[in-house]
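Observations on chain architecture
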Amino acid sequence: MKRKGCKMMKKKTKQLINISKIGLFLAIVSAWLVSSSAILDASTKVLPDGIWKLDVYVESYEIDEVAVNGNGDKLDWKKISLADGTIADIKLLTTLNGAFYVNLGPAYQSISTTTKLAHYWKKQKTHLDIAYGLTDKLTLFTNISYENAVLDYTDEYQAESKKIDEQLALLDTPYNRAPDKAIGENLNDIYIGAKYRFLNHMAVAVKGTFGDLRTGVDAREKKVEDNQQELETGKSYDEFHGYLFADYEIGMLPLRITTGYVWKGDGYQNFLDNKKIDINLGDVIILGLGTELKLPLDINTEIGITHLITGKDKYKGGNSNTLLPTAGYSDWTEVPDSDTSATMASISMTKSLKKFLRVYANASLPIAHNMKGQLYDFPGRLEPSTTIKLGMTLFLK
């Protein structure tokens with residue numbers, strides 16, 4: 001019976017193994033909508049004809065919270081700190097551990113399901129936003145950024161990863177053992193866009209990344225090898241944004257109203273419990289409200305709140321139906337419980353040093369987030385910590 005079970009185990013583990021190449025919540029936030037690239041001011045402001053605007057800033061944040069589904073039913077989601085995530089939170093690994101116990105006999109090495117996977121995942125992006133006033137009403141712009149990211153695994157998880165590697169080797173099944181750190185160092189996707197002010201208090205803007213503009217490393221391109229894991233810095237799909245801005249005043253208080261829509265094309269996910277899945281992430285509705293205050297020392301302060309609402313995700317292929325990669329849906333299928341929402345708060349302070357030069361600092365953080373859904377995105381299964389931006393703006397003619 002053991003010999004027959006071992007043969008069955010070989011077949012199943014060859015299908016399962018690539019899912020278990022743990023890149024803890026790997027490259028999830030590369031698609032983070034709010035910080036992926038900036039729109040040219042969330043207001044009706046455009047540049048005068050012939051004026052260039054250069055924004056250089058550094059953005060820093062961590063992956064703070066994740067939603068896990070340890071029983072694998074895709075419905076029972078639990079929000080935990082990234083640093084508290086364990087092997088027990090990944091259904092694929094607990095399934096493998098049980099299969100090892102049944103099929104390997106004396107060669108079985110118990111996998112500790114209480115083992116924590118990572119210490120932290122930190123990201124830093126250096127941005128260059130370039131804008132040009134083509135006319136007094138029309139501004140063209142591009143958003144370019146370079147990312148440095150580090151996902152630091154625990155020593156204990158490395159030891160458990162070694163056990164998995166050794167036991168799968170007995171079944172002639174390859175396994176990519178986890179490194180001490182996963183690294184992402186590459187360009188993000190480049191966005192191009194335009195903003196047009198059609199009334200004194202109203203403007204529209206569009207931007208997108210597509211084709212050769214998708215310069216980041218995506219899910220299909222990242223390296224996953226023994227003791228080496230690359231973090232994604234780009235999307236596996238085209239993305240387009242549309243915005244309507246309106247400025248009003250209530251007495252002496254200015255109000256900035258933003259509505260937007262983000263369309264996401266067909267993409268791909270291949271990490272953790274999602275193996276070689278074709279994805280179509282739900283489109284996003286953006287609703288924003290902000291105001292502007294003048295502080296002493298000529299410091300301009302902007303305070304805002306943004307609400308994000310996502311539609312249902314869809315998937316097919318890969319292991320979209322069950323854990324087995326060959327048991328995916330053949331047609332696009334709605335992901336259970338995947339329509340999510342999040343509310344973000346932000347504050348920005350700007351100081352003009354010269355007529356053509358200003359410096360600024362910005363902080364934003366999620367204040368409410370409905371964390372759920374099988375696919376990795378924000379809003380959804382992921383939540384970043386407070387994001388800090390420090391930068392400067394230069395105007396040229």
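Residues numbered from 1 in each chain as written. Predicted model: local features only at pLDDT ≥ 70, side-chain atom pairs only at ≥ 80, totals over all residues. Heavy atoms only, no water.

To continue, consider the overall build of the protein chain. Within the protein chain one finds four helices and 21 strands. Every one of the 397 residues in the protein chain was classed for burial, and the buried ones make up 50%. Here the contacts in the protein chain between residues at least 6 apart in sequence split such that 71% fall between residues at least 24 apart. (Helix = DSSP H or I, 4+ residues; strand = E, 2+ residues; numbered from the N terminus. Buried < 20%, exposed > 50% of the residue type's maximum accessible area, 1.4 Å probe, protein only. Contact = heavy atoms within 4.5 Å.)

In terms of nonpolar packing, the biggest core is built from 32 residues, with Val66, Trp121, Leu151, Tyr157 and Ile164 touching the most fellow members. Sorting the residues of this core by element identifies strand E1 (52-68), helix H3 (91-103), strand E3 (118-133), strand E4 (138-153) and helix H4 (155-169) as the ones contributing at least two each. Within the second largest apolar cluster, 10 residues are counted, among which are Val262, Ala342, Met344 and Phe378. (Core = buried A, V, L, I, M, F, W, Y, C linked by side-chain atoms within 4.5 Å.)

So, on to the side chain of Asp165. Checked against the element boundaries, Asp165 lands in helix H4. For Asp165, a relative accessible area of 13% translates into the label buried. With sequence-adjacent residues up to four places away left out, Asp165 is seen in contact with Tyr175, Arg177 and Asp226.

In total, this model carries eight aromatic pairs according to the counting rule given. Between Phe210 and Phe240, the ring centres sit 5.5 Å apart and the planes meet at 20°, which makes this aromatic pair stacked. Here Phe210, found in the loop between strand E7 (202-209) and strand E8 (224-225), pairs with Phe240, found in strand E10 (residues 239-250); they are 30 residues apart in sequence, far enough to count as distant. A relative accessible area of 33% means that Phe240 is categorised as partly exposed. Over the ring of Tyr191 we find Lys207; its NZ or CZ atom is 4.8 Å from the centre of that ring. (Phe/Tyr/Trp six-rings, centres within 6.5 Å; stacked < 30°, edge-to-face > 60°. Lys NZ or Arg CZ within 6 Å of the ring centre and 35° of its normal.)

For the rest of this paragraph, the subject is the sheet that holds strand E12 (residues 267-271). Reading across the sheet, the four strands line up as E12-E13-E16-E17 and stay open at both edges, with antiparallel pairing between neighbours. Looking at which strands have only one partner, the edges of the open sheet turn out to be E12 and strand E17 (333-334). Looking at chain direction, E12 and strand E13 (residues 274-280) are connected through four bridges and run antiparallel. Directly across from Tyr268, in E13, lies its bridge partner Asp278. (Pairing = 2+ DSSP bridges.)

A cluster of nonpolar side chains, namely Ile192, Phe210, Phe240, Tyr261, Trp263, Ile285, Leu287 and Ile309, defines an oily patch on the protein surface of about 670 Å² accessible area. Topologically, Ile309 is positioned in strand E15 (residues 299-310). Since its relative accessible area comes to 32%, Ile309 is described here as partly exposed. (Patch = residues over 30% accessible without salt bridge, like charges linked within 9 Å, V, L, I, M, F, W, Y side chains within 5 Å. Areas by Shrake-Rupley, 256 points an atom, 1.4 Å probe, with all protein chains shown as cover. Salt bridge = Lys/Arg side-chain N within 4 Å of Asp/Glu carboxyl O.)

What follows covers the pairing of E4. Sheet analysis places E3 next to E4, joined by 15 bridges and oriented antiparallel. Within E4, the position partnered with Ala131 by the bridge is Phe141.

Right, let's talk about the environment of Leu171 for a bit. Structurally, the position occupied by Leu171 is in the loop between H4 and strand E5 (181-187). The spatial distance from the C-alpha of Leu171 to the C-alpha of Leu104 is 9.0 Å, given a sequence separation of 67 residues.

Two elements, E1 and strand E21 (residues 387-396), share nine bridges in a ladder whose sense is antiparallel. Within E21, the position partnered with Val58 by the bridge is Leu390. In this sheet, E3 lies alongside E1 in antiparallel orientation, the contact comprising 11 bridges. Across the sheet, residue Glu62 finds its bridge partner in E3, namely Lys122. Looking at chain direction, E1 and strand E20 (residues 382-384) are connected through three bridges and run antiparallel.

Turning next to the confidence of the model for the protein chain. Across the protein chain, the average pLDDT comes to 86, with 89% of residues at or above 70. Mean pLDDT across the elements of the protein chain ranges from a minimum in helix H2 (residues 33-36), with 35, to a maximum in E7, with 97. Every residue in residues 15-40 is under pLDDT 50, and counting partners more than four places away or in other chains gives 122 contacts. (pLDDT = per-residue confidence, 0-100.)

Our next topic: unusual backbone geometry. Here the amide bond leading from Phe378 into Pro379 is cis, since omega sits at -5°, within 30 degrees of zero. On the secondary structure map, Pro379 appears in the loop between strand E19 (357-369) and E20. Although it is not a glycine, Leu297 sits at a positive phi angle of roughly 65°. A relative accessible area of 68% means that Leu297 is categorised as exposed.

Moving on, we come to the environment of Leu390. Inspection of the secondary structure assignment puts Leu390 in strand E21. For the pair formed by Leu390 and Asn362, sequence separation is 28 residues and the distance between their alpha carbons is 6.6 Å. Those residues in contact with Leu390 that sit more than four places away from it in its chain are Val56, Tyr57, Val58, Tyr360 and Ala361.

Okay, the pattern of salt bridges next. Tallied over the full model, the rule gives 17 salt bridges. Residues Asp339 and Lys372 are paired through a salt bridge, measuring 3.9 Å at the closest nitrogen-oxygen approach. Residue Asp339 is found in the loop between E17 and strand E18 (341-354), and its partner Lys372 is found in the loop between E19 and E20; the two are separated by 33 residues along the sequence. By relative accessible area, Asp339 is classed as partly exposed at 33%. The exposure class assigned to Lys372 is buried, which follows from its relative accessible area of 12%. Through salt bridges with shared partners, a single ionic network connects Lys312, Asp337, Asp339 and Lys372.

In this section: the side chain of Gln374. By the secondary structure assignment, Gln374 is in the loop between E19 and E20. Within the structure, the side chain of Gln374 is placed 2.7 Å from the side chain of Asn274, a separation counted as a polar contact. Residues in contact with Gln374, not counting those within four places in the same chain, are Lys74, Trp77, Asp273, Asn274, Tyr315, Val335 and Arg381. (Polar contact = N/O pair within 3.5 Å; in protein donor to acceptor, adjacent residues only side chain to side chain.)

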